[in-house]
Amino acid sequence: MSQSPVERSRSPFNPGYGRQPLVFGGHEQEIDELTRVFSTLDFGENHSILIAGLRGAGKTSMLTLLQNAATDAGWLVISDDASSGLMDRVMETTIPALLNGLDPATKARLTSVGLWKFSASWEYQDRHREVKPLLRNDLVALSRAIDNRGILITIDEVSSGRVRLRELAKFALQVSHALTDGANIMIAFAGIRIDLDELLKQEHATFLRRSRDLTFERLDPHATMAVLRDTAAVGGRQISPEALRRLAEIAQGYPYLIQLVGDYAWRARSDAPTIEIEDAEVAFEKAIKAVMSRVISKVYLDLSDKDREFVKAMTLALVDGRAKMSRIVALMGESDQYVQVYKRRLIDTGYVQRAGHGFVSFTLPYLDQYIRSLVYDDPRDDRRPADSWADFPAPQL
Ligand SMILES: Nc1ncnc2c1ncn2[C@@H]1O[C@H](COP(=O)(O)OP(=O)(O)O)[C@@H](O)[C@H]1O
Ligand SMILES: [Mg+2]
């Protein structure tokens, strides 16, 4: 006979891209400043926001947080990603859906603007064909109809690719015209630093060059432990001080990894009242394995071939967590100037940081170990299952 099933509590950790954390760590000041705009409409420099960071740094989560705060404050929210067809999607799908959500009185006011047709029961029907459809006009009309409360536009996954960036820049230009016409709009873009930089270089993107710039890197130890502790607490469990420290050491402030390691530690013994050091140790290996395959490997794939050469040389040159530039230059067999260009690029992108004069280090935990596993086919790597056919060689023909 089996025992009655143990009451297992659900993990409150939420690992995965775009999965909103239950407790959002760090960035307090920026969140405070940006969300205040939703109630005061005092924008300052916060009309356009760029959120730059590597995968797993929390960009999408931040956009979601802003969307929720804006909605709570009565703003309209338009959210999309930067894939091609953005303008059409927003004008043909997103805005009509927003229109349908407005109250009849507001819709009635909108009919006089002459942009959209509504049915007798105030359902959105179509655009008026006589008008040349421009996002600018849509935004201004929407803004007026809601008494200028405000519209938040979030565009996630900005990535280079000429057509897409040109389209994005055109989108931004329409938004800037709407701002000039008096609409209260905040627009936020999220992506990897070099891609956002490329966006700013576009012909029509002048307005974005005055954007508020947020860089998402790692959380500090204090914020990391707060996320772990408070998330567990919401789920009804505690973390022993020893385990908390260990989990923070493992996560290294990397948001995705914080959720992963917290989740595995929770699941190790989800019926116990406290997460102990043993649970942290169980979580360690699993979390690292998962972060390598789901995050770090993809971060590595985002690099160009030359960037990869640099980070490989850098990995080989690492001593006590930092690499000497002259050693990287020697390993790459290129000129000093040439290598400096790549170093600067990688620093700008957020992969690499300066670590004392003539030295660099990785910003991301475990990237060096991932690269090492690619560079060396490490025979001591015990994560690989032993070849069970090793003792049964195929006969020679
Ligand atoms: N500030 C944060 N505090 C705690 N966890 C976070 C934070 N930001 C993101 N996360 C978690 O990290 C993971 C990746 O977040 P996501 O927003 O998708 O990153 P990105 O869009 O930068 O790739 C998710 O599991 C999310 O819950
Ligand atoms: Mg994302």
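Q: Outline the overall build of the protein chain, listing residues and values.
A: Regarding its fold elements, the protein chain presents 15 helices and 13 strands. Each principal axis of the C-alpha distribution contributes one length, and for the protein chain these read about 80 × 70 × 55 Å. In the protein chain, which comprises 397 residues, the proportion classed as buried is 50%. Per element, the accessible surface of the protein chain, about 20300 Å² overall, is 49% carbon and sulfur.

Q: I'd like a description of a nonpolar patch on the surface, backed by residues and values.
A: Nonpolar side chains collect at one region of the surface, where Leu316, Leu331, Leu374 and Val375 lie side by side and expose about 290 Å² of accessible area between them. Here leucine 331 lies in helix α13 (residues 325–332). Looking at leucine 331, the relative accessible area reads 35%, which means it is partly exposed.

Q: Account for the side chain of aspartate 138, with residues named and values stated.
A: For aspartate 138, the location among the structural elements is in helix α5 (residues 135–145). Among the residues examined, aspartate 138 registers a relative accessible area of 0% and is labelled buried. In contact with aspartate 138, other than residues within four places in its own chain, are Met91, Ile95, Leu115, Trp116 and Arg127.

Q: An account of the nonpolar core is needed here, citing residue identities and associated values.
A: Within the largest apolar cluster, 60 residues are counted, with the highest numbers of intra-cluster contacts made by Leu228, Leu257, Phe310 and Ile328. With 11 residues, the top contributor of residues to this core is helix α11 (residues 277–301). Apart from the residues lying within four places of it in its own chain, the contact partners of isoleucine 328 are Phe310, Ala313, Met314, Ala317, Ala323, Val339 and Val360. Within the second largest apolar cluster, 47 residues are counted, among which are Leu50, Ile153, Leu165 and Leu168.

Q: Tell me what's going on with the sheet that holds strand β6 (residues 185–191), and back it up with residues and numbers.
A: Hydrogen bonding along the main chain pairs the strands of a sheet, whether they run parallel or antiparallel. Strand order across the open sheet formed by five strands is β2-β5-β6-β1-β7, with parallel pairing between neighbours. Bordering the open sheet on either side are β2 (76–81) and β7 (212–216), each of which pairs with just one other strand. Pairwise comparison of adjacent strand axes, ignoring direction, gives a mean angle of 15° for this sheet. Note: β2 against strand β5 (residues 151–158), six bridges, orientation parallel. When the sheet's bridge partners are listed, leucine 76 is paired in β5 with isoleucine 151.

Q: Give a description of the pairing of β5 that names residues and reports values.
A: By the criterion of burial, β5 is predominantly enclosed, with seven of the eight residues buried. Handedness of the crossover is the feature at issue here: the chain leaves β5, passes through helix α6 (residues 162–180), returns alongside β6, and the resulting connection is right-handed.

Q: Go over the pattern of salt bridges, please, and point to the residues and values.
A: Counting across every chain of the model gives 21 salt bridges. Where arginine 36 meets aspartate 32, a salt bridge forms, and the shortest distance between an N and an O atom there is 2.7 Å. On the criterion of helical spacing, the pair formed by arginine 36 and aspartate 32 is a turn pair, its members being four residues apart in helix α1 (residues 28–40). For arginine 36, a relative accessible area of 46% translates into the label partly exposed. Residue aspartate 32 is classed as partly exposed on the basis of its relative accessible area of 42%.

Q: Quick one: what's the story with the site of ligand 1, residue by residue and with numbers?
A: Taken together, 23 residues surround ligand 1, and among them Asn14, Gly18, Arg19, Gly56 and Ser61 come closest. Between ligand 1 and the protein, one listed contact pairs an oxygen atom with a backbone N or O atom of asparagine 14 at 2.7 Å. For ligand 1, the accessible surface in isolation is 560 Å², of which the surrounding protein chains cover 98%. Elements that contribute at least two residues to the shell around ligand 1 include exactly α2 (59–72) and α10 (255–268).

Q: Mind laying out the pairing of β7, listing which residues take part and the relevant values?
A: Every second residue of β7 is oriented toward a common face, the buried set being Arg212, Leu214 and Phe216 and the non-buried set Asp213 and Thr215. Pairing analysis gives five bridges linking strand β1 (residues 48–53) to β7, with the strands arranged parallel. Across the sheet, residue isoleucine 51 finds its bridge partner in β7, namely leucine 214.

Q: I'd like to hear about a positive patch on the surface, residue by residue, with values.
A: Taken together, the side chains of Arg10, Arg19, Arg294 and Lys298 make up a positively charged region of the molecular surface. In this fold, arginine 19 is placed in the segment before α1.

Q: Describe helix α9 (residues 241–251), naming the residues involved and giving the relevant values.
A: Among all positions in α9, only Ala243, Leu244, Leu247, Ala248, Ile250 and Ala251 are buried. Taken around the axis of α9, the buried residues stretch over an arc of 160°, which confines them to a single face. Across α9 from its buried face, at more than 90 degrees, point the exposed residues Pro241, Glu242 and Arg245. Where the residues of α9 are buried, they touch α8 (221–234), β8 (238–239), α10, β9 (274–275) and α11.

Calculation rules
Residues numbered from 1 in each chain as written. Chains lettered and ligands numbered in written order. Predicted model: local features only at pLDDT ≥ 70, side-chain atom pairs only at ≥ 80, totals over all residues. Heavy atoms only, no water. Helix = DSSP H or I, 4+ residues; strand = E, 2+ residues; numbered from the N terminus. Buried < 20%, exposed > 50% of the residue type's maximum accessible area, 1.4 Å probe, protein only. Areas by Shrake-Rupley, 256 points an atom, 1.4 Å probe, with all protein chains shown as cover. Patch = residues over 30% accessible without salt bridge, like charges linked within 9 Å, V, L, I, M, F, W, Y side chains within 5 Å. Salt bridge = Lys/Arg side-chain N within 4 Å of Asp/Glu carboxyl O. Contact = heavy atoms within 4.5 Å. Core = buried A, V, L, I, M, F, W, Y, C linked by side-chain atoms within 4.5 Å. Pairing = 2+ DSSP bridges. Axes fitted to C-alpha atoms, helices over the stretch in contact; angles between N-to-C directions. Right-handed = clockwise from strand over helix to strand, strands pointing away. Near = heavy atom within 4 Å. Polar contact = N/O pair within 3.5 Å; in protein donor to acceptor, adjacent residues only side chain to side chain. Lys, Arg positive; Asp, Glu negative; His and termini not counted. Charge placed at Lys NZ, Arg CZ, Asp CG, Glu CD. Arc of directions from axis to C-beta.

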